[in-house]
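Residue strings, one per chain:
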Amino acid sequence: MTRPRDTVPAMTPSPPRAAAASRIVALGSAFPEQVLSNHDIALRVDTSDAWIRERTGIEQRRMLAPGQNNSDIAAAAARDALDRAGLPPSAVDLIITCTNTPDRWLPSLGAAVQAKLGVRAGVPAYDLVTACAGWLAGVQAADALVRTGAYRHVLVIGSEALTRYVDWTDRNTCILFGDGAGACLIGPVDSALGSAAAEPRGRILGLHLHTDGHFGDVMSLPAGGTRQPASLEAVAQRLHLIHMDGLEVFNHAVRCMVEVSRELLAAQGLAVADVDWFVPHQANLRIIQAVARRLGLPMERVALNLHKYGNTSTATIPTCLDEYTQDGRIQPGHTVLMTAFGGGLTWAAGLLRW
Ligand code: UT7
């Protein structure tokens, strides 16, 4: 496709301006309209609403409509964040899309989002794959890039089309996942752009991220990569879909999220008592309860949205944070601890001063 000459972008980047800190300028979310209840799933596999609620806390999840793609909800969530910030797409200097379920493996989801969002050509966009810890990893990268002055306004989007990657014959996994997208715009703490400048909230205090590749098989998409290229045989064996050892993941998840939360709090000179809100990755209510209990955080201070959306992987934390900041449960000045865990294994924690 040829592009008219007058739309060719100016490729000279603006000179770097280092920042003392970065902040979340605004958040946004997008979910597909179609609701898939536990009862709907019980029509497909041998399960029940009661079992799913009791063992996971999930009541329903959202599902992309035919023809709708991950990039559609990713762009919608980003548009929501930009609208709230009072900024046009032209203010975006970098897009980091955190996902495990892109529209296609090539080109990146980030490239598709850049085009759908109307961000000018030339602005870099790339995918970051770190399973359910993806959005926190994206925020960590954006925070560092904004502080060095490499980029001023960075969109970090956690977006998933997991219902396209689950095995609808496997009751161990298909009950858990849903589609959804959460986005945030990260800028320097002194950002003077847009309507959000009047409320310098969302200061990023710190992030820690870890990986242990020795447990790669506990959660994977076995086929479709170089290890086992796509083939009729692989598809017949359903190896192109999510495989998970639920109990193994459960146990690692609790241990890792507790450890990284404690590690980050200590590094920031904070105690659990300083945390006003805990926004954990939403995979299973029992995992969240176990983590909160071990950290000594009462459930009244724990943000939840998995009952409505299930596990949306990289989208769970930004969408939950968005909901709780929008409805005023998380208030300006509150200290927010976030933590996530996923395949890889990867796990992370982040601290914000809203
Ligand atoms: O984002 C990070 C990725 N994923 C996670 O964090 C998931 C972590 N794991 C979990 O959330 C839980 O391990 C599951 C929800 C996946 C499973 O819950 P569980 O309490 O660990 O169940 P289980 O695997 O120990 O299975 C208990 C029983 C089994 O039956 P038997 O062998 O005792 O007769 C399963 O076959 O429950 C059965 N079962 C089900 N029954 C009804 C497993 N899935 C279902 C189901 N409906 N959907």
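Residues numbered from 1 in each chain as written. Predicted model: local features only at pLDDT ≥ 70, side-chain atom pairs only at ≥ 80, totals over all residues. Heavy atoms only, no water.

J.: Is there a simple way to explain the overall build of the chain in this structure?
T.: Along the chain, the regular secondary structure elements total 10 helices and 13 strands. Rg of the C-alpha trace for the chain: 20 Å, near the compact-globule value of 20 Å for 354 residues, within the 12% margin. Dimensions of the chain, computed from the C-alpha atoms along their principal axes, are close to 55 × 55 × 35 Å. For the chain, the proportion of its 354 residues judged to be buried stands at 53%. The long-range share in the chain, meaning contacts at least 24 apart out of those at least 6 apart in sequence, stands at 76%. Here the chain displays about 15,100 Å² of accessible surface, and carbon together with sulfur accounts for 53% of that area. (Helix = DSSP H or I, 4+ residues; strand = E, 2+ residues; numbered from the N terminus. Rg over C-alpha atoms; globule rule 2.2 N^0.38 Å. Buried < 20%, exposed > 50% of the residue type's maximum accessible area, 1.4 Å probe, protein only. Contact = heavy atoms within 4.5 Å. Areas by Shrake-Rupley, 256 points an atom, 1.4 Å probe, with all protein chains shown as cover.)

J.: Would you mind showing me how to read the site of the ligand here?
T.: Around the ligand, 23 residues are found, and the nearest of them are Thr-47, Arg-55, Asn-284, Arg-286 and Asn-311. Between a nitrogen atom of the ligand and a side-chain N or O atom of Thr-47, the distance comes to 2.6 Å. A class-by-class count of the residues in the shell around the ligand yields 12 nonpolar, 7 polar and 4 charged. (Near = heavy atom within 4 Å. Polar contact = N/O pair within 3.5 Å; in protein donor to acceptor, adjacent residues only side chain to side chain. Nonpolar A, V, L, I, M, F, W, Y, C, P; charged D, E, K, R; others polar.)

J.: Help me understand the packing of helix H7 (residues 246–267) against helix H8 (residues 285–295), please; the structure alone is not making it clear to me.
T.: Angle between the axes and distance between the axes: these two values describe a pair of packed helices. Remark: H7 packs on H8, axes separated minimally by 9 Å, with the N-to-C direction vectors making an angle of 35°. Every pair of crossing elements has a handedness; the one defined by H7 and H8 is right-handed. Only Arg-286, Ile-287, Ala-290, Val-291, Arg-294 and Leu-295 of H8 make contact with H7, whose side of the interface consists of Phe-250, Ala-253, Val-254, Met-257, Val-258, Ser-261 and Arg-262. Taken together, the residues of the contact of H7 with H8 break down into 9 nonpolar, 1 polar and 3 charged. (Axes fitted to C-alpha atoms, helices over the stretch in contact; angles between N-to-C directions. Left-handed = near helix turned anticlockwise from the far one by under 90°.)

J.: Sorry if this is basic, but what is going on with the packing of aromatic side chains here?
T.: All told, the structure shown has 2 aromatic pairs when counted by the stated rule. When the centroid spacing of 3.6 Å and the interplanar angle of 5° are considered together, the rings of Phe-31 and Tyr-309 count as stacked. With Phe-31 in the loop between strand S1 (22–30) and strand S2 (34–37) and Tyr-309 in helix H9 (residues 306–309), this pair connects stretches of sequence that are 278 residues apart. Both residues of the pair, Phe-31 and Tyr-309, belong to the buried class. Aromatic side chains Trp-277 and Tyr-324 sit 5.3 Å apart centroid to centroid with 70° between the ring planes, which places their arrangement in the edge-to-face category. Remark: Tyr-324 occurs in helix H10 (residues 316–326) and Trp-277 occurs in strand S11 (residues 277–280); sequence separation between them is 47 residues. When its relative accessible area of 6% is taken as the criterion, Tyr-324 is described as buried. Its end group placed over the ring of Trp-168, Arg-44 keeps NZ or CZ at 4.5 Å from the ring centre. Over the face of the ring belonging to Tyr-324 we find Arg-329, whose NZ or CZ atom lies 3.7 Å from the ring centre. (Phe/Tyr/Trp six-rings, centres within 6.5 Å; stacked < 30°, edge-to-face > 60°. Lys NZ or Arg CZ within 6 Å of the ring centre and 35° of its normal.)

J.: I would appreciate a short explanation of the pattern of salt bridges in the present structure.
T.: Scanning the entire structure with this criterion turns up 14 salt bridges. Arg-53 is paired through a salt bridge with Glu-59; the nearest N and O atoms lie 3.6 Å apart. Residue classification places Arg-53 among the partly exposed residues on the basis of a relative accessible area of 39%. For Arg-120, the salt bridge is made with Asp-93, and the minimal N-O distance between the two is 4.0 Å. Taken together, the residues span a long stretch of sequence, with Arg-120 in the loop between helix H4 (109–117) and strand S5 (125–128) and Asp-93 in the loop between helix H3 (70–85) and strand S4 (94–98) at a distance of 27 residues. Salt bridges linked by common partners bring Lys-308, Glu-323, Asp-327 and Arg-329 together as one network. (Salt bridge = Lys/Arg side-chain N within 4 Å of Asp/Glu carboxyl O.)

J.: Please explain H4 as it appears in this structure.
T.: Every α-helix winds through 3.6 residues per turn, so residues three or four apart in the chain are directed the same way. Those residues of H4 that sit buried are Leu-109, Gly-110, Val-113, Gln-114 and Leu-117. Buried residues along H4 cover an arc of 140° about the axis, so they all sit on one side. In this structure, the buried side of H4 is in contact with H3, S4, S5 and strand S6 (154–161). Of the residues trailing H4, Gly-118 is marked for its positive phi of about 80°. (Arc of directions from axis to C-beta.)

J.: Hey, could you run me through unusual backbone geometry in this one?
T.: The phi angle of most residues is negative, glycine excepted, and most peptide bonds adopt the trans form. The peptide bond linking Leu-106 to Pro-107 adopts the cis configuration, its omega dihedral lying at 0°. On the secondary structure map, Pro-107 appears in the loop between S4 and H4. At the junction of Gly-344 and Leu-345, the peptide bond is cis and its omega measures out at -10° in the coordinates. With respect to the helices, strands and loops of the structure, Leu-345 is situated in the loop between strand S12 (335–342) and strand S13 (346–353). For Ala-131, which is not a glycine, the phi torsion comes out positive at approximately 50°.

J.: How should I be thinking about the nonpolar core in this particular structure?
T.: As a rule of thumb, nonpolar side chains are buried together in soluble globular proteins. Grouped together as the largest cluster of nonpolar side chains are 80 residues, with contacts concentrated most on Ile-24, Trp-135 and Leu-321. The element best represented in this core is H7, accounting for 10 residues. (Core = buried A, V, L, I, M, F, W, Y, C linked by side-chain atoms within 4.5 Å.)

J.: Quick question: what am I supposed to make of a nonpolar patch on the surface here?
T.: A surface patch of nonpolar side chains, amounting to about 310 Å² of accessible area, comprises Trp-105, Val-129 and Leu-221. Its location among the elements puts Trp-105 in the loop between S4 and H4. Looking at Trp-105, the relative accessible area reads 56%, which means it is exposed. (Patch = residues over 30% accessible without salt bridge, like charges linked within 9 Å, V, L, I, M, F, W, Y side chains within 5 Å.)

Geometric values such as these leave the question of function open.
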